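# Descriptive structure summary
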Amino acid sequence: DQLGSTYDELCGSGLVEKGLGRDEEAVKMLATAVLLMPNVTVAWYELGLLMGAEGSARNAIQADRCFRAAHRLDATHTDAVGKRRELRQLGGKFPEVVPYVDLGDKDMRGLSDEERMAVEHQSRYKRRLYEKYFSMESSVKRLKQVLLGDGGNSAALMAMGGLYTELQEHEKAADVYRRVAEMSPNDGAVFVKLVESQVKGCVFEGWEANFERLAAIVLSQAASGVEPSLGPIPSTVYPLPPRVALAICRFRGEGVHAATQALKHPPLPLSWPSHKGWTGAAPPLHIGYVTSHFTSSSIGREMLFLIASHDPSKYRVHCYALNSDDGSWLQHTWRAEIAKVCHKFVDASGMSDRAAAEAINRDGVSALFDLNGWSGGHRQGILCDRPSPVQINYKNWVASSGIPSLHFNVGDKVSTPPEFQRDFTEGMVLVPNSYFISGHKYQYR
C-alpha cells in the first residue's frame, strides 16, 4: 500500500545518504520511516548502526534503544543483540552531550487510559510532523536543482523562501527574499516577506527604516484597493502604527461583509429577551461565545473558568465551536469540560456560515462574543450575517476587527488605550484593571 511504499522509499533514501557519508540526512529519513511504521524492523536497525557508529554525533544510549526495538520486533534478529553487546564495550568513546531524538518507542504497559491516549496522540502528531518536514526538505532539494540551471527564477526563489520559513530556517529565508527584492525592488509583497523573515530570524539590520517602508507599502496597498501583503496578526505585533493594523483588518472585514451581503440572505430577526409572562426578577440574558479555540489553548482554558463563573439565574451561556472534536486527549478533555458548564454547546464546524448564524439567532442570543478576531480558524462570515443584536470583539484580538457588524471591542486602558479610538471601527469598552481573565478565583474558591 501507499504507506509501505513511502516507508521503503524512506529506508532506501536513508541508506543511500548513509553510503554517501551524509549521516545527518540519513538519520532524518530513517527516523521518519520509524515514525511512519514503528512496527517494522529494518529502519530501527539501520538507525541504530548510524547512531552507534564510532565518532558520530550520536550516543550509545540512543543506538541501544534502536537495537532493542529491532530485537523486540524480531526475536531472531541476532545482529541487533550482537550490536547491543558491542555498545557495552565502547564506553567513553561516545560524546556525553548529544542531540536527543525521541523515537517514540515508549512502553505502554502500566499506563492509565488517559496517559495512553496522550502518548498515542503525541506519536500521531510527531509522525505527521516528520512526514511534513521530510516532504518540505525534499522540495527544497528539487528547487535547488531548478536554480542551478536558472538562478534568476523568482518563482522558485519565492517558493524556497516559503519552505525555509516553514522549516524555521529564517536567516536562509531572508537571504532568498533579499535576492528576489534586489531583482524586483518595487515589489512590495517581496519586501514584506523579507521583513517578516528578518523579524523571525532576529535580523536587526535596518530595523527602523524597514518598518517605516513596510508601513508605507501596506497603507498604499489598502488605499489602492489592493489586499495588503502583510497579514492581520503580524500587523498587531510588529512596531507599526495602529492605523496600519486598522487598514489591514478593515480591508479584510469589509471584504467579508461585502461578500456576505452579496448572497442577499434575508435579515435575521433581532430581539431582546421579553419580560412578558416572566415573574420575579428579569429573565436571564442569553450570551453566546463563538470561536475555534474551545480546546486546550490558552483561550479555551481561560474561557472555561469565565463561563463557569456566570450566574445561571441571570445568564444563559451558549458556546459555538468552529473547530471539530478531533478526539485527541488534550482537545477533547477541555472541550468536554466547557460543554459541562455552559447552557448549550453547539458544534458548528460542519455548518455553513449562514446555518451557524441561523442557529445562534434561534437560540435568542442577545450578546455574541467573537473570541477569534483574525486568528486561525475564524469564521467572520457568521458575524457579518448579524445573528445577534449586539456583537462584540473580545479576548483574542486587541486590535480593531475592521468588521462593520461588530459593535464593541472589550479591552482596558493598557491593551487598547483610549487615545487610539480613531483606529477602531468598534466602540471601546474599557474594563477596570485588566480585560484579561484567569481562573484562580473559580479554581480555588
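Refer to the structure presented above.
Attention in this report is confined to the structure presented alongside it. Just so we're clear, the structure is a prediction, and the values are computed from it rather than from any experiment. (Residues numbered from 1 in each chain as written. Predicted model: local features only at pLDDT ≥ 70, side-chain atom pairs only at ≥ 80, totals over all residues. Heavy atoms only, no water.)

If you check helix H9 (residues 188-200), its first and last C-alpha atoms are 19 Å apart, about what 13 residues at 1.5 Å a residue would give, namely 18 Å. The set of residues buried in H9 consists of Gly-188, Val-190, Phe-191, Val-192, Leu-194, Val-195, Glu-196, Ser-197 and Gln-198. Check the buried side of H9 and you find it contacts helix H7 (154-166), helix H8 (170-183), helix H10 (207-223) and helix H11 (232-237). Two residues or fewer after H9 comes Cys-202, characterised by a positive phi angle close to 55°. (Helix = DSSP H or I, 4+ residues; strand = E, 2+ residues; numbered from the N terminus. Expected span 1.5 Å × (residues − 1). Buried < 20%, exposed > 50% of the residue type's maximum accessible area, 1.4 Å probe, protein only. Contact = heavy atoms within 4.5 Å.)

Secondary-structure assignment places Arg-362 in helix H15 (residues 353-362). Using a relative accessible area of 64% as the deciding quantity, one classes Arg-362 as exposed. Remark: the alpha-carbon pair of Arg-362 and Leu-270, spanning 92 residues in sequence, is separated by 9.8 Å.

Right, let's talk about the pattern of salt bridges for a bit. Scanning the model with the defined rule gives 15 salt bridges in all. One salt bridge connects Glu-25 with Lys-141, and the closest N-O pair in it is separated by 3.5 Å. Pair noted here: Glu-25 is in helix H2 (residues 23-36) and Lys-141 is in helix H6 (residues 113-149), with a separation of 116 residues, a long-range link. Exposure remark for Glu-25: the relative accessible area of 21% places this residue in the partly exposed category. Residue classification places Lys-141 among the partly exposed residues on the basis of a relative accessible area of 36%. Between Arg-252 and Glu-227 there is a salt bridge whose closest N-O contact spans 3.8 Å. Taken as a pair, Arg-252 in helix H12 (residues 242-262) and Glu-227 in the loop between H10 and H11 lie far apart in primary sequence, 25 residues in all. (Salt bridge = Lys/Arg side-chain N within 4 Å of Asp/Glu carboxyl O.)

Note that strand E5 (residues 390-393) and strand E6 (residues 408-411) share 2 bridges and pair parallel. Residue pairing across strands places Asn-393 opposite Asn-409, the latter belonging to E6. As paired elements, E6 and strand E7 (residues 427-430) share 4 bridges and run parallel to each other. Note that in E7 the partner of Asn-409 across the bridge is Met-428. (Pairing = 2+ DSSP bridges.)

To continue, consider the nonpolar core. Met-160, Leu-214, Leu-230 and Leu-240 are the most contacted members of the largest nonpolar core, which totals 31 residues. When contributions to this core are tallied by element, the ones reaching two or more residues are H6, H7, H8, H9, H10 and H12. In terms of residue count, the dominant contributor to this core is H8 (6 residues). If sequence neighbours within four positions are ignored, Leu-240 has contacts with Phe-211, Leu-214, Ala-215, Leu-230 and Ser-235. By size, the runner-up hydrophobic cluster in this structure holds 25 residues, among which are Cys-11, Leu-47, Ala-80 and Phe-134. (Core = buried A, V, L, I, M, F, W, Y, C linked by side-chain atoms within 4.5 Å.)

Okay, the sheet that holds strand E4 (residues 367-370) next. If you walk across this open sheet you meet the 7 strands as E3-E2-E1-E4-E5-E6-E7, and the pairing is parallel. Looking at strand neighbours, the two that pair on one side only are strand E3 (344-347) and E7, the edges of this open sheet. On average, each strand axis in the sheet is tilted by 25° relative to the strand beside it, whichever way the strands run. (Axes fitted to C-alpha atoms, helices over the stretch in contact; angles between N-to-C directions.)

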